[in-house]
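# Summary of structural features
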Amino acid sequence: MNDDILSSLYDRPEDELLQEIARLKQRLGDQVLILGHHYQREEVIRFADMTGDSLKLAHQAAQTAVPHIIFCGVHFMAETADILTGAAQQVILPDPAAGCSMADMADDAQVQHCWQQLSSVIDAEAQVTPVTYINSTAALKAFCGEHGGIVCTSSNAEKILTWSWQRREKVLFFPDQHLGENTAMRMGIPDTEMIIWDPALPLGGNTEQAIARARLILWKGFCSVHQMFKASHAATMREQHPGVRILAHPECSREVCETADFVGSTEAIIRHVQEADGQQVFAIATELNLVNRLRLQHPQHQVFFLSPMVCMCSTMFRTDPQHLLASLQAIANGEDGNRIIVPDAHKAAARTSLQRMLDLA
Ligand code: 13P
Ligand code: SF4
C-alpha cells in the first residue's frame, strides 16, 4: 500500500472519506467482503458486511468464496482467514501493524522449548494435548496441528477442553492464562490440578512432581486490555448500583470472572444485553468500543463500563476510515494492498488444528 496515498487521506474531511468508502464498496460489489470484529470503532464497523467474535468470523471466512476479504480486526484474525480460505482468495489487513499483545506473548521457539522441557519429565506426545487460543500466530496453530492439538476461542473453550481431555490426560494451554483458568474453574477443575508455565523459567517455574500431577498447564500470558479490570471495580459498581449485572470477557482475571454474573465472548455479551427484558443495569468488562456501542444501541438499559479507566484495544483502533479506504482503493486498482499470507510451512498444519475446532461446532 502506498504510504503517500494513505497519508494524503488524512488531509480529507471524514464525511468525504466515509462517502468514498461507501461508493467504492458498492462499485466493488461481490468482489469484496468486509469482516469486522466487535471491537472495531463505529466509523469502520458500519461498513462491515458481517460482524462477529473470533469464532463467528473464522466460520464466515471458511464459508465465503469472495475473492477479496478485508479483515477489520487484528493480525491473528487475518491469518486465520488466510488459512481457511482458498489460494485464489486474498485477505487484507487494513493496517499491518494491528497486532495483538497477547498473541505476542508466546512465540514458536518458546512453545517448542516448553514442549522439549515437558518431554524431559513426562511423555508429552502421549500425555499432553496442546491447545492454542485463536489469539496466537499461525506457527502456534501449526504446532497444535502437528501434535494432535486444537484451537479454541473464548466462545468454545469449554467444549475444546472437554475434547482435549478426552484424548490425553493433560492440556498445555497458551497463550492466555486467564481464558484457560476461568474455563477450567467453571468446569470444576481444582487449583491443585492447574499450574502456570512461565516461559522465562526452567520447567516453567515448576517442579517435576507438579508437572506430573497437573491436568492443566497454563501459559503465563494475558491481555493488556482485560487485565485492567479489577474485582474492586465490580465491588464499587455493586455499591453504587444495587442490582447491577456484571458481564465479563473470560480474558479478565479470575477474580473479576468469579464476581461477574455472566462470563462470555464478545458475541455472547452482546446477545446477553440484546435478550435482556425490561430496563436493566449492566457493567461490562470488555473493550471500550463495544461497550459504548451497546450503550447507544440499548437506551432502555443503563450500560456502564466496569473500569473507571479507559481500557481500549489500541491495535484494534488502528483500523480507521483512512486505512479502510486505502484497502478498497488497492483492490479497485488491482494492487495487493496489505495482504496477509501465511507461509506454506505453517498453512496445512495450522488448518488441521483450526478445522478440528470448526468441526466441533
Ligand atoms: P472474542 O472471540 O470474544 O471476540 O475475543 C477476541 C479478543 O481478542 C478479545 O480480546
Ligand atoms: Fe489482543 Fe487484548 Fe486486543 Fe483482544 S483486546 S485483540 S486479546 S490485545
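Residues numbered from 1 in each chain as written. Chains lettered and ligands numbered in written order. Predicted model: local features only at pLDDT ≥ 70, side-chain atom pairs only at ≥ 80, totals over all residues. Heavy atoms only, no water.

### Regarding the site of ligand 1
Here is the rule: One heavy atom within 4 Å of a molecule or strand is enough for the residue carrying it to be called near that molecule or strand. A 3.5 Å cut-off defines polar contacts: any pair of N or O atoms within that distance qualifies, except that in protein one atom must be a possible hydrogen donor and the other a possible acceptor, and neighbouring residues in sequence count only when both atoms are side-chain atoms. Where accessible areas are quoted, they stem from the Shrake-Rupley method and a 1.4 Å probe; at the residue level, only the protein chains shown are allowed to cover. Residue polarity is assigned by list, with Asp, Glu, Lys and Arg as charged and Ala, Val, Leu, Ile, Met, Phe, Trp, Tyr, Cys and Pro as nonpolar; anything else, Gly included, falls into the polar class.
Around ligand 1 lies a shell formed by His 37, Tyr 39, Asp 53, Ser 54, Tyr 133, Asn 135, Ser 154, His 226, His 249, Glu 251, Ser 265 and Thr 266. In the model, an oxygen atom of ligand 1 is placed 2.6 Å from a nitrogen or oxygen of the His 37 side chain. Within the contact set of ligand 1, an oxygen atom lies 2.7 Å away from a side-chain nitrogen or oxygen of Ser 154. For ligand 1, whose accessible area on its own is 300 Å², the fraction buried by protein is 96%. Its residues placed into classes, the shell around ligand 1 shows two nonpolar, eight polar and two charged.

### Comments concerning helix α9 (residues 157-167)
Along an α-helix, a turn takes 3.6 residues, which lines up residues three or four apart on a common side. Quick reminder of the rule: When accessible area is computed with a 1.4 Å probe and restricted to protein chains, residues below 20% of their type maximum are described as buried, those above 50% as exposed, and intermediate ones as partly exposed. Counting from the N terminus, the helices are the DSSP runs of H or I reaching at least four residues and the strands are the DSSP runs of E reaching at least two. Whether two residues are in contact is decided by their heavy atoms: any pair within 4.5 Å suffices.
Those residues of α9 lying buried are Ala 157, Ile 160, Leu 161, Trp 163, Ser 164 and Trp 165. Among the structural elements, β5 (128-133), β6 (150-152), β7 (170-174), α10 (177-186), β9 (216-219) and α17 (344-359) are those in contact with the buried residues of α9.

### Digging into the environment of Gly 180
Turning to its location among the elements, Gly 180 is positioned in helix α10. Overall, Gly 180 belongs to the buried group, its relative accessible area being 0%. Distance in space between the C-alpha atoms of Gly 180 and Gly 337 is 36 Å, their sequence separation being 157 residues. Residues in contact with Gly 180, not counting those within four places in the same chain, are Leu 161, Phe 173, Leu 216 and Leu 218.

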